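Read off the chains here:
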Amino acid sequence: MSDSPLSSIVATPEQMLPGGWEMVVGLEVHVELATATKLFSGSPNRFGDEPNINIDPVTLGLPGALPVLNKKAVELAMRIGLALNCRIQRCIFHRKNYFYPDQPKAYQISQYDLPLNADGHLELPSGVVIGVERAHLEEDTGKSTHVGGATGRIHGSDYSLMDFNRAGVPLVEIVSRPDIRTSEQAREYVSELRSILEAIGASDAKMEEGSMRCDANVSVHKPGTPFGTRCEIKNVNSIRALGRAIDYEARRQIDIIDSGGVIRQETRHWDDAEGRTHTLRTKEDADDYRYFPEPDLVTVDPSQEWIEEVRAALPPLPAARRAMLHELTGYDIRSEAVVVAVERGQHEYVKAVVDAGGDPVKALIYVTQAFAEAGASPAVPAADIAALTILERDNKLSATQAKTVLAEIVANGGGDAAAIAAAKGFEAMDTSAVETMVDEAIAADPDAWAKYCAGEEKAAGAIVGRIMKASKGKADGKVVSAIMQSRRG
Amino acid sequence: MTQSGSPISAADVAKVAHLARLDIDDAQVVHFTEQLAKVMGHFGDIDALDLSGVEPMTQPYPLVNVMREDVEMPTLNTDEVLASAPATEERRFRVPPIVGTEG
Amino acid sequence: MATIPTTASEIAAAVASGALTAREVLEAHLARIQEREADIHAFNLVTADAARAQADAIDADIAAGRPVGPLAGVPIAIKDNMCTHGIETTCSSKILEGWKPPYDATVVTRLRAAGAVMVGKTNLDEFAMGSSTENSAFGATRNPLDTSRVPGGSSGGSAAAVAAGFSPVSLGSDTGGSIRQPAALCGVVGVKPTYGLVSRYGLVAYASSLDQIGPFATTVADAALITEVIAGHDVMDSTSIPQDAPSLVGAVSQGVTGMRIGRVVDLPGGAEPEVSARLDAAFEALAAAGATIVDVTLPSLGYALTAYYLIAPAEASSNLARFDGVRYGLRVNAVDTNAMYGATRAAGFGDEVKRRIMLGTYALSAGYYDAYYGKALKVRRLIAQDFDKAYESVDTILMPTSPLVAFKFGEKADDPMSMYLCDIYTIPTNLAGHPAMSVPFGTGAHGLPVGIQVLAPALGEAAMFRVGGALEAAAGGAQ
C-alpha cells in the first residue's frame, strides 16, 4: 500500500472520530481462485482433502521442479482486474525470498513492480469510490497445525505439522489505496468485493473457509496533516470482525497518541474473542525479501484480443445488477431489497418473474422474503410467483393471503396460486363490504378514530386490527387504508 | 549509489549468513569476509561501464505467454514422499516449534 | 565376444542389428569401471543392477522384433544433479545425501525412451559450483589422463567417465562452462546447447537463467546424436523453446567451405601460450578447410566474469534456499525451526556453496540490488548485444575453452578468484544463452589436451557442429 502524504479524500464531519481524528484504512484482500489446479502445477486445487495428497514436485519445491503458469488462473485474475476497472498489463513474476516451513521453496512466486492488474477502482453501493492500486497473482502457502502447548496456537507449541495441499493454490492479492475512512466503508468494500468475485466466478470468496482473507492497514491522523504511522491487522476472519478490528485499532492508536505515545509500525493480530489486537512483530527488522525476477517463468503479455475476449465473457457485475433491478422496480439501488437480491444472485430470478408477467415490485419483495436460503436460482417456477403477484396486484388476494399462498408455493416447490387460494377459501372481498367493516370498526373504537383523525398515525393500528379480525384476514390492507384515509378526509 | 567494488564488511557477512540461514561462527565470518572481499574487489570493474539506458536482461531466450491449460496432472505418491522426509506425523511433515513470526 | 565399438552411434547400430547385445556392451563397460573407478572416482553411484535390467529389456525387445530407439544399448553416465526416480540424486552434497527423487528429469525420460542404459550418477562440484570437481562432498574426481590433476568441473565426473571409457557418452550441465571446461581438460567433446533447447525439468538448479544440460562424447558426431535425443520442447519447462529437436548429426561432416569464422581481436588475456598457439592452429586448419576467418570485437567480454559471479550466486542463493531440512534431505535437529535451518544448512553445504549463497544473498539484499544484481543484468545485456553484432558478420566464433590445461589438485582450491578465472572464456555464452562446444585440438603444456571452443548464436547448433566436425577432422591430422 502506498501512502500519499496528503490525501484528497477526507472524512465527512459525521465520519470523523472524536477529537478531530480521521482514520485512514487500506485493505489487502487475498482470494483463492476457483481453478481446477494450482497456479504452477497440475495438482488439484481442492479444499478439505486428506493431508499431502495434492502434491507434485513443484508444490513440494523438490529439487529440479519448474513452475508452469496456469492459463485459467491468469484469466480469472484478468476478470478481477476488469471488474475492478484496472489496467491489464504486460507483467512478470518475482521471487519473494523468506524462510518459513509452510513455504516449500523458501520463496513465494509473486508479482512485484509489474503486476497483471494496476490502477483500478471500485465504486461502492453507497457511492464512495475506493482506489485499487493493484491486483496481482501469487501462490498460496501450505497449512501449519501447531501441536502441544495450551492453546493450539503457534506460541508455546511443542512442534508443528505441515500439509502442502494448499501450497501453490492460485491467489490474487487485491490492494486498495488508503482511501477508506470508516469501518463501515471497509465492510462495504469487502462485501462488494465478495459479491463481485462470486458474480464473475473468480472465487467462492468465503472468509470463514479462508478462501478470502483480509488484512487491514490502519492509521489515524488529523485531516490536512500527513498520514500517521500504520499498523497492519491480520487474522480478520469475517466482515463483522473487520469492522470491529478497524474501530478497535483506530481507538488504540488515538489513545496512545493522546497520552503522548508514538505509534510503532508493526503487524498486529486480531483476537475476535477478546475484541482486541495483539502485537505480532515489528516491521523495523522485517525480513529483507530480496525480490528478483523469477527466471523460471517468462513474461505474461495479454494481447488486446485476449483481454477483450475475457471482458466480453464477464457476466453483469453487482452494480449493473442493482441498476437492472432499479430499472425494473423503481427501487433505489441502495435499498435493502435490491442489495439483498443482488448479493444472493437472485436478480435474474426476479427478472424471470417479471418476464413471466409478474408485478415487478411484488416480484422483488416476494423473492427477497421467501427465498433467503434458496441461493441464486430458487427451484420454484418463476411463472408461479408471477401469477401470485398478479392476484395480489388485482386485489384478488389480500397481502396476508398472498403471503400464505407464497409460503405454500415455496414449500411445494411450485403450484398454481389461484388454485391454492381457492382451496384455502381465499376470495377477495369487494370494496363495499370492506367499507361497511371500516365503518363498524370506527363505531366500535371512537377514541382510536379520533386520535387517528388528529394525525396520530399509530392509532390506525387498532382500527385495522378490528377489520382484519372481522374479515379473517381477507380484507386487503391497502384497500382498508385507502378507505380510512378517505373517511378522515 | 553503492559502487560494485565496495568492500564487504564482517557485519555484512554476518547479516547475509543470517538471511541465508547459515550458522557460521566468528572465525568463519572473518574467513569468509576475507575471501568475499577479494572476489568483490574484482567486481569494481563494471563501475567503469556506462549502463544508462541499458535494459536489464533477465532471461537469455525471450519467450512470452507460456501457459498450461487448467487440467489435473498425476500427483506424487504421499507415502513415497513422506518416506524421504526427516520427520513426519499423521501424514504431515513435522518441524520443531516455530518461533517469532507467522507468515 | 565381439569387440565393443567406442562410439555411441556404432554401439547403437551393432545392438540394433543384433551384432552385439546391450548386455554385452554394458558388461564390457562395467568391467572398465570395475578396473579403474577406484582411481578415478567418476561416479557417486554405479547403478549396475538397474543397468543390467535395462539392457536385458532392450535385448528382449530386439529378440522379439520390437522397434528400439536411436541409442539402443548405449551406456550413458548422468551427472548427479539430474533427478532419477528412486535412484539417489545428491548433487555431491551432504544436504541431499541419500535422497531418492520421486520423479525423473525430462532428459532421463528421453534417454531411456531412446534405449540408452544409465550406468551411474557422476560426481560433480557440489551443486555444480566449481571448476575442478574438488568441491564434491564425496571426494574429488581425478583426471583419467593424469590422476594427479583435476578433471575440471563442475561436470568432472561425466567428463572423466567418457575419457576413461566408462561410458561412450554422458550428460553434464553447464552454467558457466561446467561441460566445456572439463571436456577440454579431459580431452573429450562437450556441448552446451542454446538455453531452452534442452529441458531443465529435473535438473537441480544452480542458476536457473544460465543452466543448460548437454552431452560429453568422444566424437563430435556422438555429441550431436545425444543432443538430438535430449533436445526439443518440454511443457514442464516454461523456458523450453517451443520447437522440435533439430537435426544435427548430418552437419558434423558437412565441412566449413564458405563459413565465416570469427577471431576475437580483443579477447581477454590470461591463456597459457600453448593454449593460444592451439587456437592459432585451429584458425589455420579451418581456413585450410575452406572457411574465412573474420576479425570481430566483443568489447564487453572482459566484464562477463563479474556479471556471472553476481547473477549466478544470486539465483543460487534463492534456488538453494529450499534445502531447509523440512521435506527431504539432511536435518540437524535444534530447539526451533530457525535454529534447525541454520544448523542444517551449515552442516549440509560445503564452503564454496556457502560462499556463493552469501555472495548472492548480498547482491540481492536491500540497498545493494541496484549496485550489484541490477547492474550485472545490464552488463549481461551488453555482452549479448556484443555477440549479436559480431554474428552479423560471422557464423561462429572460435576461442579457447579454458585458459589452462588440467591443473594439479589443491592448486586453486584456497583461492576462489583464481578458480573463477578458469571460466573466463566459457561464461559469456551462458550469459548470452548461446550454444558452444569444446573440441579437443591437440595438446599444450605437459602434453595435456587443449580444447578449442566453437561459439554460435542462439539455435546455431548446426553451424557449431559443422565447425566442430571440421576441427575434429583437422585434429586427427594435426597431432
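Residues numbered from 1 in each chain as written. Chains lettered and ligands numbered in written order. Predicted model: local features only at pLDDT ≥ 70, side-chain atom pairs only at ≥ 80, totals over all residues.

Selection rule: UniProt positions are given in the numbering used here, feature names are shortened, and annotations may be inferred rather than shown by experiment.
For chain C, an unreviewed UniProt entry supplies the name glutaminyl-tRNA synthase (glutamine-hydrolyzing) and the organism freshwater metagenome. Within the UniProt record for chain C, the comment given under Sequence similarities (unreviewed entry) is "Belongs to the amidase family. GatA subfamily."

The Sequence similarities (unreviewed entry) field of the UniProt record for chain A holds the comment "Belongs to the GatB/GatE family. GatB subfamily." Its UniProt record gives chain A a comment under Catalytic activity (unreviewed entry), which states: "L-glutamyl-tRNA(Gln) + L-glutamine + ATP + H2O = L-glutaminyl-tRNA(Gln) + L-glutamate + ADP + phosphate + H(+)".

Brief notes about the overall build of chain A
Rules: Helical segments are the DSSP runs of H or I of at least four residues, strand segments are the runs of E of at least two, and each set is numbered from the N terminus. C-beta atoms are first placed from the backbone for all residues, and any pair lying within 7 Å is then listed as a contact.
Summing up its helical and strand segments, chain A has 15 helices and 15 strands in all. Contacts in chain A between residues far apart in sequence, at least 24 positions, make up 68% of those at least 6 positions apart.

A few points about the interface of chain B and chain C
In plain terms, the rule: Residues are grouped as follows: Ala, Val, Leu, Ile, Met, Phe, Trp, Tyr, Cys and Pro are nonpolar; Asp, Glu, Lys and Arg are charged; all remaining types, including Gly, are polar.
The partner chain C presents 58 residues to the 51 residues of chain B that form the contact. Contributing elements (two or more residues each) for the side of chain B that touches chain C: helix H1 (10-19), helix H2 (26-42), helix H3 (78-83) and strand S3 (92-95) of chain B. Looking at the side of chain B that touches chain C element by element, the count peaks at six residues for H2(B). Residue classes in the side of chain B that touches chain C are distributed as 33 nonpolar, ten polar and eight charged.

Some words on the sheet that holds strand S10 (residues 436-443) of chain C
Either a parallel or an antiparallel arrangement is found when strands of a sheet pair, and the pairing is made through backbone hydrogen bonds. Residue and element names in this part refer to chain C. Our working definition: For two strands to count as paired, DSSP must find a minimum of two bridges between them. Angular values range over 0 to 180 degrees, each being the angle between N-to-C directions of two axes fitted as lines to C-alpha atoms, with helices fitted over their stretch in contact.
Reading across from one edge, S1-S3-S2-S4-S6-S5-S10-S11-S9-S7-S8 is the order of the eleven strands in this open sheet, with mixed pairing throughout. In this open sheet, the two edge strands, each paired with only one partner strand, are strand S1 (43-46) and strand S8 (292-296). The sheet shows a mean angle of 30° between the axes of neighbouring strands, taken without regard to direction. Two elements, strand S7 (residues 260-264) and S8, share five bridges in a ladder whose sense is parallel. In the sheet register, Val-264 faces S8, and the bridge partner there is Val-296.

Comments concerning the confidence of the model for chain A
Inclusion rule: What pLDDT reports is the predictor's confidence in each residue, on a scale of 0 through 100.
Within chain A, residue pLDDT values average 90, and 96% of them lie at 70 or more. Low pLDDT, under 50, characterises residues 1-5 of chain A; the stretch is placed with eleven contacts to residues that sit more than four places away or in other chains.

Looking at the UniProt feature "domain: Amidase" (unreviewed entry) in chain C
Sites flagged by UniProt as "domain: Amidase" (unreviewed entry) map to residues 24-463 of chain C. Annotated as residues 24-463 of chain C, this span is 37% helix and 14% strand, and its ends, taken at the C-alpha atoms, are 36 Å apart.

A look at the pairing of strand S5 (residues 189-192) of chain C
All names here are of chain C. In plain terms, the rule: Partly exposed residues are those whose C-beta has more than 12 but fewer than 20 other C-beta atoms within 10 Å; 20 or more makes a residue buried and 12 or fewer makes it exposed, with C-beta atoms placed from the backbone.
Alternating residues of S5 divide into Val-189 and Val-191 and Gly-190 and Lys-192, and every residue in both groups is buried. Relative to strand S6 (residues 212-217), S5 runs antiparallel, the two sharing two bridges. Residue Val-189 lies in a different strand from S6, and its bridge partner there is Ala-217.

Here's the deal with the packing of helix H12 (residues 431-444) of chain A against helix H15 (residues 477-488) of chain A
Residue and element names in this part refer to chain A. What counts, and what does not: Geometric relationships in this document are graded by angle, where less than 35 degrees denotes roughly parallel, more than 145 denotes roughly antiparallel, 65 to 115 denotes roughly perpendicular, and other angles denote oblique. The crossing is said to be left-handed when, going from far helix to near helix, the turn is anticlockwise and less than a right angle, and right-handed when the turn is clockwise.
Two elements in contact, H12 and H15, have axes separated by 10 Å at closest approach and are oriented at 60°. Taken together, the axes of H12 and H15 lie oblique to each other. For H12 against H15, the interelement crossing comes out right-handed. Contact with H12, carried on its side by Thr-431, Val-434, Glu-435 and Val-438, involves Val-479, Val-480, Ile-483, Met-484 and Arg-487 of H15 and no other residues of that element. Its residues assigned to classes, the contact of H12 with H15 comprises six nonpolar, one polar and two charged.

Quick look at the domain arrangement of chain A
Using the following cut-off: Domain boundaries shown here were taken from an automatic or database domain assignment.
When its domains are assigned, chain A resolves into domain 1 (13-310), domain 2 (318-395) and domain 3 (431-488). For domain 2 of chain A versus domain 3 of chain A, the separation of C-alpha centres amounts to 31 Å.

As for the sheet that holds strand S5 (residues 107-110) of chain A
All names here are of chain A. Taken together, the three strands give an open sheet; going across it, the order is S5-S4-S15, and neighbouring strands pair in antiparallel fashion. A single partner strand is all that each edge strand has here, and the edge strands are S5 and strand S15 (292-293). Sheet topology note: the strand S4 (residues 94-97)/S5 ladder contains four bridges and is antiparallel. If you follow Lys-96 over to S5, its bridge partner there is Gln-108.

Description of the pairing of S3(B)
Sheet topology note: the strand S9 (residues 159-163) of chain A/S3(B) ladder contains three bridges and is antiparallel. Residue pairing for S3(B): Ser160(A) is matched across the bridge by Val95(B). Pairing geometry for strand S2 (residues 88-89) of chain B and S3(B), over two bridges, is antiparallel. When the bridges of S3(B) are listed, Glu89(B) appears paired with Arg92(B). Count of turn residues in the S2(B)/S3(B) antiparallel hairpin: two residues, of which Glu90(B) carries a positive phi of about 50°.

Structural notes on H12(A)
Residue and element names in this part refer to chain A. Where we set the bar: By definition here, a helix of n residues has an expected span of 1.5 Å times n minus one. Throughout, the arc means that of the directions going from the helix axis to the C-beta atoms.
With 14 residues, H12 extends 20 Å from end C-alpha to end C-alpha; this agrees with the ideal 20 Å at 1.5 Å per step. For H12, the full list of buried residues reads Val-434, Met-437, Val-438, Ala-441 and Ile-442. Around the axis of H12, the buried residues are gathered within 140° of arc, so they sit on the same side. Those residues of H12 that are exposed and angled more than 90 degrees off the buried face are Ser-432, Thr-436, Asp-439, Glu-440 and Ala-443.

Some thoughts on the environment of Glu88(C)
Residues and elements named next belong to chain C. Relative to the assigned elements, Glu-88 resides in the loop between strand S2 (75-79) and helix H4 (106-113). Between the C-alpha atom of Glu-88 and that of Leu-45, which follows or precedes it by 43 residues, the distance is 7.8 Å. If we ignore the near neighbours within four places in the chain, the residues touching Glu-88 are Leu-45, Gly-98, Trp-99, Lys-100 and Lys-121.

Concerning unusual backbone geometry
Going from Gly153(C) to Ser154(C), the amide bond is cis rather than trans, its omega being 10°. Looking at the secondary structure, you find Ser154(C) in the loop between strand S3 (117-122) and helix H5 (156-163). Phi angles above zero are rare outside glycine, and Asn235(A) is one such case at about 65°. Relative to the assigned elements, Asn235(A) resides in strand S12 (residues 231-236). Assessed through the 19 C-beta atoms surrounding it within 10 Å, Asn235(A) is described here as partly exposed.

Quick word on the packing of helix H7 (residues 347-355) of chain A against helix H8 (residues 360-370) of chain A
All names here are of chain A. Taken N-terminus to C-terminus, the directions of H7 and H8 make an angle of 140°; their axes are 9 Å apart at the nearest point. Classified by the angle between their axes, H7 and H8 sit oblique to one another. Relative to H8, H7 is oriented so that their crossing is right-handed. In this structure, H7 uses Tyr-349, Val-350, Val-353 and Val-354 to contact H8, whose residues at the interface are Pro-360, Ala-363, Leu-364 and Val-367. Each residue belonging to the contact of H7 with H8 can be placed in one class, and the counts come to eight nonpolar, no polar and no charged.

Some details on the confidence of the model for chain C
With 99% of its residues at a pLDDT of at least 70, chain C reaches an overall mean of 97. Confidence metrics for the complex model read pTM 0.91 and ipTM 0.97.

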